[in-house]
Amino acid sequence: MISLPRNSRTRTWLGLAPAWLVIGVFMLVPIALMAVISFLEANPYGGVHFNFSTDAYVQIAFEYDLEDNLVFNPIYINIILRSVGLSILATVVCLVIGFPVAYFITLQPPSKRNFYIYLITIPFWTNLLIRTFSWILILGRNGVIETPLLLTGVIDDSLNMMYTNGAITVGLAYSYLPLMILPIYASLERLDFRLVEAASDLYAHRLEIMTKVIIPLSMPGIVAGCMLVYIPSLGAFIAPDLLGGGKRLLLGSLVQFQFATARNWPFGAAIAMVLLAFVVVALMIYARSARKRALIEGDL
Amino acid sequence: MKRRHLEVGRYHGLGTWTVLCFAFLYLPIGILIIYSFNASSLAMTWTGFSLDWYAKVLRNDSIQFAAVNSLVIATITTLFATAIATAAALALVRGGRFTGHTASLGLVTLPLVVPEIVTAVAVLIFFANLNLNLGIGNVIIAHTTFCIPFAFMPIRARLVGMDTSLEQAARDLYSSEWQTFRHITAPLLMPGILSGAMLSFVISLDDFIITLMVAPAGATTLPVYIYSMIRQGITPEVNAISSVFFAASVLLVSIYWLLSRRVMSVPKGTGTSNASGGSRT
Amino acid sequence: MADGVEAREIVKTFGVGTEHEVTALNNVSLTIRSNEFFTLLGPSGCGKTTMLRLIAGFEMPTRGDILLFGEHMEDLPPNQRAVNTVFQHYALFPHMSVAENVAFGLRRLRKPKDETDRTVGHMLELVKLGDLAHRRPAQLSGGQQQRVALARALAPGPKVLLLDEPLSALDLKLRQAMRLELKQIQRETGITFIFVTHDQEEALSMSDRIAVMSNGEVQQVGTPHDIYEYPVNRFVAEFIGDANFIPATVAGFETDMLVCSTVAGRTLRVRGSGDHNTGDLVTLFLRPEKVLLHRQGETSSGRLAGEVVDVVYYGSETSYRIRLDDGTVILAEDRNMLDGSRRFAGGEQLFVEIGAETLRVLGQ
């Protein structure tokens, strides 16, 4: 028989202690350590020198030329821009594919809805690596798309679909599509269908019902879905690595490259901090929009 | 008589669009599975049906080693993560409002927000600085950390949906606090705990990037092994092992799904759920 | 002038071809006159709301025609019908202000901006919400939301306004006030109102005519007075207010009177003859407030002796359950007078008078 402490506050904190301990020690502390390392000097042979330095951050935009002058270096800025761009693109693709699907599921009778949602969640819970890898079989040289076209003579050379921004975007969208559909569905499912009828009764035609009522009212789900696709896309490693061939780095694969191959820890840590900053900004925008909506709709 | 317009709120082409979306989600995996039965040793050229590659996977010691690692890591991770998440969920939901509530909730869900690659390198730096090498222990620590929120979510959802009047009724009927927890709260919470455990098991099993960065030699998991195979060139053997892995995941998720469908419907005061059966013994 | 709304032989079946096939409306025909306050009254599940949804266009009839001022409507979507609805729980757009809600229909009709603004202002005046134009629905009380819903539905100037139990979510006082207001708005605007309710008091107090529905069929259509005083069958009589039903046999005829003998052997005279024959089994129907109670009397003068079994005090009136000396139990209702002279206590002996003109013979 366990004797529980009488004081409920003490008990609450005892319950939380393991979580604080594990996540604190193995997540908060390491991230803090990473932040510190991003301000240290790199040791050319791996590891770090314990001198304060902002070199890692300077290196994101500049490099030293032969005369040791700082000159603008667009390589990493381009990677950052490409990461943001492809993540936004993947988010838009997911939204365009996902919204009608979420809406369609909402219109089904409840028993069928559950089955559709099950089908949506399955790919999400199966291995991302395997799912991304399967696209190599489709897009690759002599893959499922090319082979029939080559055989029938529609094309006479490879389409070179692999290792392109397009391939990465498809991979990202494919990876995170379920994360777009699920929150939109959750939002739409709560939508009072009488509002749709009311709009129709008040002379709104199909398109207006969609733009004036259904979309505005499912905005919380749309915003949440966009966040859930955008954030992991920014930090994605597998899609740029397998489908971008390691040549078209994104923020996530750049971080991995710096730690695993280049072994420039401060620079890798600095890039990771940049990535984290983008995520924090996205989350702040999300929180603000949620708060604003709560205010407007008087839900507070 | 055929009516000439759709019902309010319905749109043309939604069904077709949905079918296309499911094709997008499932065709790539379908193609992968089909190619795993390809007799050719060239991954992309179909020459005939064969189970050779599955046989080869079965004979491959490295794959078996990695698979055992994966299962051991996922099992231990699940035990830790679920226990920690259960304690945290009970404290956060039943602890009322207290200073640090929001911070604690934020902390528990933090691993969901931080990009995996950031978690991976941060933990890598941490282990390297401590010179910590516990073999698969390193991987278990990292996995436990980011599996906690996945275990936490369903347990918390279950607790939030649970009618406190059931517990109050037990207290009213002379149960001590511990008896109430033992006979009422715990059995009712069990489905949430099971789904939480299932989720963290699947997440741990599937994880690739954190394991890739953190695992020391000898602690290779199945996804990391598959990655190295892909890196060395795409062979039908990759397709075969991937198909097996995929089938295992689908099986787990389906069990989870059936389980949650059956028991996640929280009894609202009536206590008719089967989940509470046997709690009197 | 053409009739406002005409429903011809409407059949509506849900879930056709499935195991859950339900016929909500079974061959319903209704004619609703223009400028009329028409009420569809019935218990839940009687098909009244389905009828309303068919007129609005949210559902398509399985069979039959719906005409609006002589034009066929049954194939038009809701947005092409000059009909607006006040929804049961208002269905106000939560992401729009009160003014935006009211302007919604006008904007969809592409009315000029100044006209829209004017109409919105006018409508908010009409429902006395002028100063809340910029609030969100969630910031309003139930009664205020109800008014916004009304203003929103009236703003586009529909030919017919459909009201689906609009008062059911309000508390009693507000509901009574809104009845008068709705009736007044209907008279001022001259719009045909079709009002759905399960509350007979609401129906009686506001309607020009009422259709009583049950099991997907119309039982009776008539003015409130007709429906209350001359119900065509037991369902209507019971649904609209309290009633006594006395089984009897036709015993003979006198000058414009029907002589009936009750099962208990009592003889009752009923004004009117109807086409009955001697020996027919009939049900006599009597409203409780038509039963006159006396302290004194003689049974020979047509008064019946009885004893008070139960007394329920309602304030303005008192309801009595009385056992007559032949064992029949009837319900009587009496106004409470200032001096209390007409109040009876449980167990008290009294005399009951049932006038020949207050009894009706019911069809089955």
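Numbers given to residues run from 1 along each chain, matching the order in which its sequence is written. For this description, chains carry letters from A and ligands carry numbers from 1, given in the order in which they are written. The model is predicted, so local features are restricted to residues of pLDDT at least 70 and side-chain atom pairs to those at 80 or more, both for listing and for counting; the totals for chains, interfaces and linings are taken over all residues. As a rule here, side-chain values come from all non-hydrogen atoms in the structure, and water together with hydrogens is ignored.

Engineer: Looking at this structure, how should I read the overall build of chain B?
Structural biologist: Each helix is a run of DSSP H or I of at least 4 residues and each strand a run of E of at least 2, with the numbering of both proceeding from the N terminus. A tally of helices and strands in chain B yields eleven helices and zero strands. Written out in order from the N terminus, the α and β elements of chain B read α-α-α-α-α-α-α-α-α-α-α. For chain B, with 281 residues in total, the buried portion stands at 54%. By the convention used here, residues are in contact when the closest approach between their heavy atoms is within 4.5 Å. Long-range pairs, those at least 24 residues apart, make up 74% of the contacts in chain B with a sequence separation of at least 6. With residues, only the protein chains shown are counted as cover, and all accessible areas are computed by Shrake-Rupley using a 1.4 Å probe. As displayed, chain B offers around 12600 Å² of accessible surface, 65% of which is attributable to carbon and sulfur atoms. Residue burial is assigned from relative accessible area. The probe radius is 1.4 Å, only protein chains are included, and a residue is buried under 20% of its type maximum, exposed over 50%, and partly exposed in between.

Engineer: Help me out: how do you make sense of the overall build of chain A in this one?
Structural biologist: A tally of regular secondary structure across chain A gives 13 helices and four strands. Based on C-alpha atoms, the radius of gyration is set beside the globule rule, defined as 2.2 Å times the residue count to the power 0.38. Radius of gyration (C-alpha) of chain A: 24 Å, far over the 19 Å computed for a compact globule of 300 residues. By principal-axis analysis of the C-alpha atoms, chain A measures approximately 80 × 75 × 45 Å. Here chain A holds 300 residues, and 53% of them are scored as buried.

Engineer: I'm lost on the packing of aromatic side chains in this one. Help?
Structural biologist: For any pair of aromatic rings, the description consists of the separation of the ring centres together with the inter-plane angle of the planes. A pair of aromatic rings is counted whenever rings of Phe, Tyr or Trp (Trp by its six-membered ring) have centres within 6.5 Å, and the orientation is called stacked for planes under 30 degrees apart, edge-to-face for over 60 and tilted otherwise. On inspection of all chains with the given rule, the structure shows 32 aromatic pairs over all chains. Note on F37(C) and F193(C): the rings are 5.5 Å apart at their centroids and 40 degrees apart in plane angle, and the pair reads as tilted. Here the residue F37(C) occupies a position in strand β3 (residues 37-41), and F193(C) occupies one in strand β8 (residues 192-197), the gap between them amounting to 156 residues. An identical accessibility class is assigned to F37(C) and F193(C); each is buried. An aromatic cluster is defined as three or more aromatic residues linked by ring pairs; in this entry it consists of F26(A), F126(B) and F127(B). A cation over an aromatic ring shows up here: R131(A) above the ring of Y174(A), its NZ or CZ 5.5 Å from the ring centre. Ring-over charges, as used throughout, are those where CZ of Arg or NZ of Lys falls within 6 Å of the ring centre and within 35 degrees of the ring normal. Sitting over the ring of F344(C), R295(C) keeps its end group 4.5 Å from the ring centre.

Engineer: Which parts of the structure should I look at to understand the pairing of β8(C)?
Structural biologist: The side chains of a regular strand alternate, first on one face of the sheet and then on the other. All names here are of chain C. Across the six residues of β8, six count as buried, placing the element largely inside the fold. Going residue by residue along β8, you find T192, I194 and V196 tucked away on one face and F193, F195 and T197 tucked away on the opposite face as well. By the convention used here, strands pair only if DSSP detects at least 2 bridges between them. Both β3 and β8 contribute to a ladder of five bridges, which runs parallel. In the strand pairing of β8, F37 is matched with F193. Alignment of strand β7 (residues 160-164) against β8, held across five bridges, turns out to be parallel. By the bridge assignment, L163 is partnered in β8 with F195. The parallel pair β7 and β8, bridged by helix α5 (residues 172-189), forms a crossover whose chirality is right-handed. The handedness rule is simple: strands pointing away from the viewer, and a clockwise path from the first strand over the helix to the second, make the crossover right-handed.

Engineer: Sorry, what's going on with the pairing of strand β13 (residues 267-271) of chain C here?
Structural biologist: Where burial is concerned, the two faces of β13(C) differ: the one with L268(C) and V270(C) is buried and the one with T267(C), R269(C) and R271(C) is not. Here strand β12 (residues 257-262) of chain C folds back onto β13(C) in antiparallel fashion, the turn holding four residues, of which G265(C) has a positive phi close to 95 degrees.

Engineer: Honestly, the packing of helix α3 (residues 61-94) of chain B against helix α8 (residues 177-206) of chain B in this entry has me stumped. Any pointers?
Structural biologist: A pair of packed helices is captured by two measures, namely the crossing angle of their axes and the spacing between those axes. Residue and element names in this part refer to chain B. Interhelical geometry of α3 versus α8 gives an angle of 140 degrees and a closest axis separation of 8 Å. With respect to each other, α3 and α8 are oriented oblique. As for the relative orientation of α3 and α8, their crossing is right-handed in sense. In contact with S70, L71, I73, A74, T75, T77, T78, A81, T82, T86 and L90 of α3, α8 contributes F181, T185, L189, I193, A197, S200, F201, S204 and L205. The angle between two axes is taken between their N-to-C directions and runs from 0 to 180 degrees, where each axis is a line fitted to C-alpha atoms and a helix contributes only its stretch in contact. Working rule for angles: under 35 degrees goes down as roughly parallel, over 145 as roughly antiparallel, 65 to 115 as roughly perpendicular, anything else as oblique. The sense of a crossing depends on the near helix, which, turned anticlockwise from the far helix by less than a right angle, makes the crossing left-handed and, turned clockwise, makes it right-handed.

Engineer: So what exactly am I meant to see when it comes to the sheet that holds strand β9 (residues 209-214) of chain C here?
Structural biologist: Strands pair in a sheet through their backbones, by hydrogen bonds, and they do so in one of two ways: parallel or antiparallel. Residues and elements named next belong to chain C. Across the sheet, six strands lie side by side as β6-β7-β8-β3-β9-β10; this open sheet has mixed pairing. Looking at the sheet topology across the chains shown, the edges are occupied by β6 (83-86) and β10 (217-222). Shown here is a sheet whose adjacent strand axes are inclined to one another by a mean of 20 degrees, direction ignored. Judged from the four bridges that link them, β6 and β7 form a sheet pairing that is parallel. Paired with V83 across the strands is V160, a residue of β7. The strands touched by α5 within the sheet are β3, β7 and β8, with β8 carrying the most contacts at an inclination of about 155 degrees.

Engineer: Honestly, the interface of chain B and chain A in this entry has me stumped. Any pointers?
Structural biologist: Interfaces are often sized by the amount of accessible area the parts lose when they come together. At the interface, 86 residues of chain B touch 85 residues of chain A. Roughly 7800 Å² is buried in total at the junction of chain B and chain A, and carbon and sulfur atoms are behind 80% of that figure. The salt bridge criterion pairs a side-chain nitrogen of Lys or Arg with a carboxyl oxygen of Asp or Glu, the two atoms within 4 Å. Linking chain B to chain A there are two salt bridges. For the salt bridge of E177(B) with R11(A), the shortest nitrogen-to-oxygen distance reads 2.9 Å. Looking at the side of chain B that touches chain A element by element, the count peaks at 14 residues for helix α1 (residues 14-36) of chain B. Taken together, the residues of the side of chain B that touches chain A break down into 63 nonpolar, 16 polar and seven charged. As a working definition, buried area equals the accessible area (1.4 Å probe) given up by two parts on being put together, with both sides summed. Three residue categories are used. Nonpolar comprises Ala, Val, Leu, Ile, Met, Phe, Trp, Tyr, Cys and Pro, charged comprises Asp, Glu, Lys and Arg, and polar comprises the others, including Gly.

Engineer: Looking at this model, I keep getting lost on helix α12 (residues 251-262) of chain A. Mind explaining?
Structural biologist: Quick reminder: α-helices carry 3.6 residues per turn. Residues three or four places apart thus point the same way. Of all the residues in α12(A), the buried ones are L251(A), G252(A), S253(A), L254(A), V255(A), Q256(A), Q258(A) and F259(A). Phi turns positive, to about 55 degrees, at R263(A), one or two residues after α12(A).

Engineer: What exactly am I supposed to notice about the side chain of R108(C) here?
Structural biologist: For R108(C), the location among the structural elements is in helix α2 (residues 98-108). Look past the residues within four positions of R108(C) in its chain and what remains in contact with it is L202(A), Y203(A), A204(A), E208(A) and K212(A).

Engineer: What should I look at first to understand the confidence of the model for chain A in this one?
Structural biologist: Atom-level detail of predicted coordinates should not be read off regions where pLDDT is low. Residue and element names in this part refer to chain A. Known as pLDDT, the predictor's per-residue confidence is scaled from 0 to 100. On average, chain A scores 88 in pLDDT, and the residues at 70 or more come to 95%. At the low end of the mean pLDDT range in chain A sits helix α6 (residues 146-151), at 82; at the high end sits helix α3 (residues 74-107), at 95. Per-residue pLDDT stays below 50 along residues 1-5; that stretch engages in five contacts with residues further than four places along the chain or on separate chains.

Engineer: Would you explain the confidence of the model for chain B in this entry?
Structural biologist: Residues and elements named next belong to chain B. Mean pLDDT for chain B: 85, with 90% of residues reaching 70 or above. Per-element mean pLDDT across chain B ranges from 83 in helix α11 (residues 236-263) up to 94 in α3. Every residue in residues 266-281 scores below 50 in pLDDT, and together they form 23 contacts with partners more than four places removed in sequence or on other chains. Among the prediction metrics, the complex's ipTM stands at 0.88, with pTM recorded as 0.87.

Engineer: Explain unusual backbone geometry to me, please; I cannot follow it from the model alone.
Structural biologist: Positive phi outside glycine occurs at Y203(A), with the angle close to 70 degrees. By secondary structure assignment, the location of Y203(A) is in the loop between α8 (193-201) and α9 (206-217). Given the relative accessible area of 10%, Y203(A) is considered buried. Backbone geometry places D256(C), a non-glycine residue, at a positive phi of 35 degrees.

Engineer: Please clarify how the sheet that holds β12(C) should be interpreted in this entry.
Structural biologist: Residues and elements named next belong to chain C. With antiparallel pairing, the five strands of this open sheet are ordered in space as β13-β12-β11-β14-β20. Looking at the sheet topology across the chains shown, the edges are occupied by β13 and β20 (360-362). Put simply, the sheet's adjacent strands are angled 50 degrees from each other on average, direction ignored. In this sheet, β20 lies alongside strand β14 (residues 281-286) in antiparallel orientation, the contact comprising three bridges. If you follow F285 over to β20, its bridge partner there is R360.

Engineer: Honestly, a nonpolar patch on the surface in this entry has me stumped. Any pointers?
Structural biologist: Where nonpolar side chains cluster on the molecular surface, the patch consists of I88(A), V92(A), V96(A), W17(B) and L20(B) and spans about 450 Å² of accessible area. Those elements giving two or more residues to the nonpolar patch turn out to be α3 of chain A together with α1 of chain B. Top element by residues in the nonpolar patch is α3(A). It accounts for three residues. The topology assignment puts V96(A) in helix α3. Patches were defined on residues exceeding 30% relative accessible area and lacking a salt bridge, with like-charge contacts within 9 Å and nonpolar side-chain contacts (Val, Leu, Ile, Met, Phe, Trp, Tyr) within 5 Å.

Engineer: Looking at this model, I keep getting lost on the pattern of salt bridges. Mind explaining?
Structural biologist: Working definition: two side chains of opposite charge can pair if their charged atoms are close together. According to the stated counting rule, one finds 33 salt bridges over all chains in the structure shown. Between D192(A) and R194(A) there is a salt bridge whose closest N-O contact spans 2.8 Å. Looking at R194(A), the relative accessible area reads 28%, which means it is partly exposed. One salt bridge in this structure joins R271(C) and E357(C), with 3.3 Å as the shortest N-O distance. Placement of the pair is R271(C) in strand β13 and E357(C) in the loop between β19 (349-353) and β20, with a sequence separation of 86 residues. Connected through salt bridges with shared partners, the residues E197(A), K12(C), R53(C) and E59(C) form a single ionic network.

Engineer: Looking at this structure, how should I read the environment of S41(B)?
Structural biologist: Residue and element names in this part refer to chain B. Tracing the backbone through its elements, the reader meets S41 in the loop between α1 and α2 (52-59). Given a relative accessible area of 53%, S41 falls into the exposed group. In this structure, the C-alpha to C-alpha distance between S41 and Y227, residues 186 residues apart in sequence, is 19 Å. For S41, the contacting residues outside a window of four places in its chain are W53 and P236.

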